[in-house]
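Residue-level listing of the chains:
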Number of protein chains: 2
Amino acid sequence: MTEPEMTETERHKARMARKKAIVDEKVKKADQSRGVVIVLTGAGKGKSSSAFGMVARALGHDMKVGIVQFIKGKFATGEEAFFRRFPEVEYHVMGEGFTWETQDRERDEEAARAAWDIARQQLANPQLAMVVLDELNIVLKYKYLSVDEVIAALTDRPEHQHVIITGRNAPPDLIEVADTVTDSKLIKHAFKAGVKAQKGIEL
Amino acid sequence: MTEPEMTETERHKARMARKKAIVDEKVKKADQSRGVVIVLTGAGKGKSSSAFGMVARALGHDMKVGIVQFIKGKFATGEEAFFRRFPEVEYHVMGEGFTWETQDRERDEEAARAAWDIARQQLANPQLAMVVLDELNIVLKYKYLSVDEVIAALTDRPEHQHVIITGRNAPPDLIEVADTVTDSKLIKHAFKAGVKAQKGIEL
């Protein structure tokens, strides 16, 4: 039966059968099982949320997770309040506000170094199936930490550990070593339209 | 003191003070408090995870959340196992697999319609501070539901309810009514490099 003789329903079925064959082939080819490094970068909203969603998914599989937040907002955040409830989560927040809040490079560097010390321990801990390094890219951009040091710790980590790194301006060397990289663009932002940050929606 | 006479530390401080003034001004201007519609679209990974991270954040603030997943993967997902633990979450999964799994347009349409009936109830429920319509964009792309009907329900929803809509190919009319839109691009994908989906990382 040629395509023009098919009904809409039949065409849909044929299209979907072709798609399934492609998907099945891809799934067959993907046969490696190992931890991956996922980088979420770009100016779009939802990068950190995405990392926290992956934490929720991991907890759904009873995995243990480490989280280091390299940039702390001014206010206590909902995700911190939430994930601290779980004994499977090691949660560490770097003790300072945004760089433009402290306005003190030396203090920022010290705080980044202290947070990185915790992160390195997590990246060396085979009990942690997932490690989230939230806003690490910002810290790398300001050169509070060296990207080489970070890449060395990623390379040496336990084979099955997944790592999620967020923040704008991911350095090219980090993108190079990552397995999955998403670059998100902000098309529209409620905050710019005059909507303020609200409970549950930290714009 | 002119810039060349400043030390690196002083320059940093001056730059950050200018940045803080800009940020403070923006925060002051954003004075509306209302629910927002957030659309997460594009081919990048982590869109649904981002929505689930926002759910975690909302739960951290003791808010009630509705979730409708319009496309269910073949396997039970970690996020479903996790969020079903919370009585504050109304979780509904559309009963069918991917469109290329069923290969049956009529069955897909019926399933989409049933899921949308639940979503409409959630969008009319002022007790729900947040509603996630996961992969709704896919359903709209295949025209299993009309975008006008979706927009009407969004327009009529309780004033303080936040809505997160995910999936590739968000229709232009939906982007038009949304408050915040992130378009994510896939730069690299572990799955394409031969890494298979694993517990906690559904590639």
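Not measured: the values here are computed from a predicted model.

Quick look at the overall build of chain A
- Counting its regular elements, chain A contains 8 helices and 6 strands.
- Going from N to C terminus, chain A has its helices and strands arranged as α-β-α-β-α-β-α-α-β-α-α-β-α-β.
- When the backbone C-alpha atoms are referred to their principal axes, chain A occupies close to 75 × 45 × 35 Å.
- For chain A, the proportion of its 203 residues judged to be buried stands at 54%.
- When the accessible surface of chain A is totalled, it reaches about 9,300 Å², and 52% of it is carbon and sulfur.
- Between the mean site of the 31 positive side-chain charges and the mean site of the 31 negative ones, chain A shows a separation of 7 Å.

What to know about the interface of chain A and chain B
- In this assembly, 86 residues from chain A lie in contact with 86 residues from chain B.
- Looking only at chain A, the three residues that lose the most surface to chain B are A:R57, A:Q103 and A:K188, adding up to 10% of its buried area.
- Joining chain A to chain B, the criterion identifies 5 salt bridges.
- Between B:D62 and A:R85 there is a salt bridge whose closest N-O contact spans 3.8 Å.
- Across the chain A-chain B interface, the total number found is 25 residue pairs in polar contact (both at pLDDT 80 or more).
- The element contributing the most residues to the side of chain A that touches chain B is helix α1 (residues 8-29) of chain A, with 12 residues.
- Residues belonging to the side of chain A that touches chain B are distributed by class as follows: 35 nonpolar, 24 polar and 27 charged.
- The sheet contact formed by strand β6 (residues 180-188) of chain A and strand β6 (residues 180-188) of chain B spans 7 bridges and is antiparallel. Residue pairing across strands places A:S184 opposite B:S184, the latter belonging to β6(B).

Notes on the pairing of strand β4 (residues 130-134) of chain B
All names here are of chain B.
- Among the 5 residues of β4, 5 are classified as buried, and the element is accordingly described as predominantly covered.
- Of the two faces of β4, the one carrying M130, V132 and D134 and the one carrying V131 and L133 are both buried.
- As defined by bridge partners, strand β2 (residues 65-69) adjoins β4 across 5 bridges and the pair is classed as parallel. Residue pairing across strands places V68 opposite L133, the latter belonging to β4.
- In terms of strand pairing, β4 meets strand β5 (residues 162-166) through 4 bridges, oriented parallel.

Topic: the nonpolar core
- The biggest cluster of nonpolar side chains holds 52 residues, and the ones touching the most others in it are A:F83, A:I164, B:F83 and B:I164.
- Beyond its immediate stretch of four places on either side in the chain, B:F83 contacts A:A56, B:F52, B:V55, B:A56, B:L59, B:V89 and B:Y91.

Some words on the pattern of salt bridges
- Taken as a whole, this structure holds 19 salt bridges over all chains when the rule is applied.
- In this structure, A:R84 engages A:E80 in a salt bridge whose closest nitrogen and oxygen atoms are separated by 3.0 Å.
- A:E149 is paired through a salt bridge with A:R113; the nearest N and O atoms lie 3.0 Å apart. Of this pair, A:E149 sits in helix α7 (residues 147-155) while A:R113 sits in helix α5 (residues 105-123), placing them 36 residues apart in sequence.
- Among the charged side chains, a salt-bridge network with shared partners connects A:R105, A:E109, B:E8 and B:R11.

What to know about the domain arrangement of chain A
- Looking at the assigned domains, one finds that chain A contains domain 1 (1-31) and domain 2 (33-193).
- On a C-alpha basis, the centroid separation for the pair domain 1 of chain A and domain 2 of chain A is 39 Å.

Some details on the sheet that holds β4(B)
- A sheet is described by the order of its strands in space; here 12 strands give the open sequence β3(A)-β2(A)-β4(A)-β5(A)-β1(A)-β6(A)-β6(B)-β1(B)-β5(B)-β4(B)-β2(B)-β3(B), paired in mixed fashion. The sheet is open, and its two borders are formed by β3 (89-93) of chain A together with β3 (89-93) of chain B, each paired with just one other strand. The sheet shows a mean angle of 15° between the axes of neighbouring strands, taken without regard to direction.
- Across the face of the sheet, α5(A) comes into contact with β2 (65-69), β3, β4 (130-134) and β5 (162-166) of chain A while running at roughly 160° to β2(A).

Section: the relation of the copies chain A and chain B
- Mapping chain A onto chain B is achieved by rotating through 180° and translating by 0.0 Å along the same axis, at an RMSD of 0.0 Å. These values place the two chain copies in the arrangement generated by a two-fold rotation axis.
- A shared binding surface is used by both copies, with 100% of the interface residues of chain A retained as interface residues in chain B.

Some words on the environment of A:G35
- Following the sequence through the fold, A:G35 ends up in the loop between α1 and β1 (37-42).
- Taking the relative accessible area as the measure of exposure, A:G35 reaches 4% and is therefore buried.
- In this structure A:G35 touches A:R157, A:E159, A:H160, A:Q161, A:H162, A:D179 and B:Q198, once residues within four positions along its chain are discounted.

Considerations on the environment of B:L136
Residues and elements named next belong to chain B.
- As for its placement among the helices and strands, L136 is situated in helix α6 (residues 136-141).
- Separated by 129 residues in the primary sequence, L136 and T7 have C-alpha atoms spaced 53 Å apart.
- Setting aside residues no more than four positions away along its own chain, L136 makes contact with F70, L145, V150, I165 and T166.

Comments concerning the packing of aromatic side chains
- Applying the stated criterion to the full structure yields 16 aromatic pairs over all chains.
- Taken together, a centroid distance of 6.4 Å and an interplanar angle of 10° make the contact between A:F52 and A:Y91 stacked. Separated by 39 residues along the polypeptide, A:F52 in helix α2 (residues 47-60) and A:Y91 in strand β3 bring together distant segments of the chain.
- On the basis of relative accessibility, which here comes to 1%, the residue A:F52 falls in the buried class.
- Considering the side-chain rings of B:F83 and B:F86, the 6.4 Å spacing of their centres and the 50° angle between planes classify their relative orientation as tilted. The same class applies to B:F83 and to B:F86, which are both buried.
- By way of ring pairs, the aromatic residues A:F52, A:F82, A:F83, A:F86, A:Y91, B:F52, B:F82, B:F83, B:F86 and B:Y91 are connected into one cluster.
- In this arrangement the basic side chain of A:K141 is found over the ring face of A:Y142, its NZ or CZ atom lying 5.6 Å from the centre.

Scoring rules and cut-offs
- Throughout, residues of each chain are indexed from 1 in the direction in which the sequence is written.
- Chains and ligands are labelled sequentially in the order written, the chains with letters from A and the ligands with numbers from 1.
- Residues qualify for local features only when their pLDDT is at least 70, as the model is predicted, and side-chain atom pairs are given and counted only at 80 or more; totals for whole chains, interfaces and linings, by contrast, use all residues.
- With hydrogens and water set aside, each side-chain value is computed from the structure's full complement of heavy atoms.
- Each helix corresponds to a stretch of at least 4 residues labelled H or I by DSSP, and each strand to a stretch of at least 2 residues labelled E; elements are numbered beginning at the N terminus.
- Note on exposure labels: buried denotes an accessible area under 20% of the residue type's maximum, exposed denotes more than 50%, and partly exposed covers the range between, all computed with a 1.4 Å probe on protein chains only.
- In short, Shrake-Rupley with a 1.4 Å probe defines the accessible areas, and a residue's cover is counted only from the protein chains shown.
- Within this scheme the basic residues Lys and Arg register as positive and the acidic residues Asp and Glu register as negative, but His and the chain ends are omitted.
- For the purpose of locating charges, the reference atoms are NZ of Lys, CZ of Arg, CG of Asp and CD of Glu.
- The criterion used for residue contact is that any of the two residues' heavy atoms lie within 4.5 Å.
- Put simply, buried area is how much 1.4 Å-probe accessible surface two parts lose in total, over both of them, once they are put together.
- Within this document, salt bridges are pairs made up of a side-chain nitrogen of Lys or Arg and a carboxyl oxygen of Asp or Glu, the two lying within 4 Å of each other.
- Polar contacts, as used here, are pairs of N or O atoms within 3.5 Å; protein pairs need one atom able to donate a hydrogen and one able to accept it. Residues neighboring in sequence count only if both atoms are side-chain atoms.
- Here the nonpolar group is Ala, Val, Leu, Ile, Met, Phe, Trp, Tyr, Cys and Pro; Asp, Glu, Lys and Arg are the charged ones; every other residue, Gly included, is treated as polar.
- Note: two strands are recorded as paired if DSSP finds a minimum of 2 bridges between them.
- Here, the term nonpolar core denotes a set of buried Ala, Val, Leu, Ile, Met, Phe, Trp, Tyr and Cys residues that are joined through side-chain atoms within 4.5 Å.
- A domain assignment, automatic or from a database, supplies the domain bounds used here.
- Inter-axis angles, ranging from 0 to 180 degrees, are taken between N-to-C directions of lines fitted to C-alpha atoms, where helices are fitted over the stretch in contact.
- Alignment of the copies relies on least squares applied to C-alpha atoms, considering only residues that score at least 70 for pLDDT in both.
- Note on aromatic contacts: the rings of Phe and Tyr and the six-membered ring of Trp form a pair at centre separations within 6.5 Å, being stacked when their planes are under 30 degrees apart, edge-to-face when over 60 apart, and tilted otherwise.
- Only when the NZ atom of a Lys or the CZ atom of an Arg is both within 6 Å of the ring centre and within 35 degrees of the ring normal do we say a charge sits over the ring.

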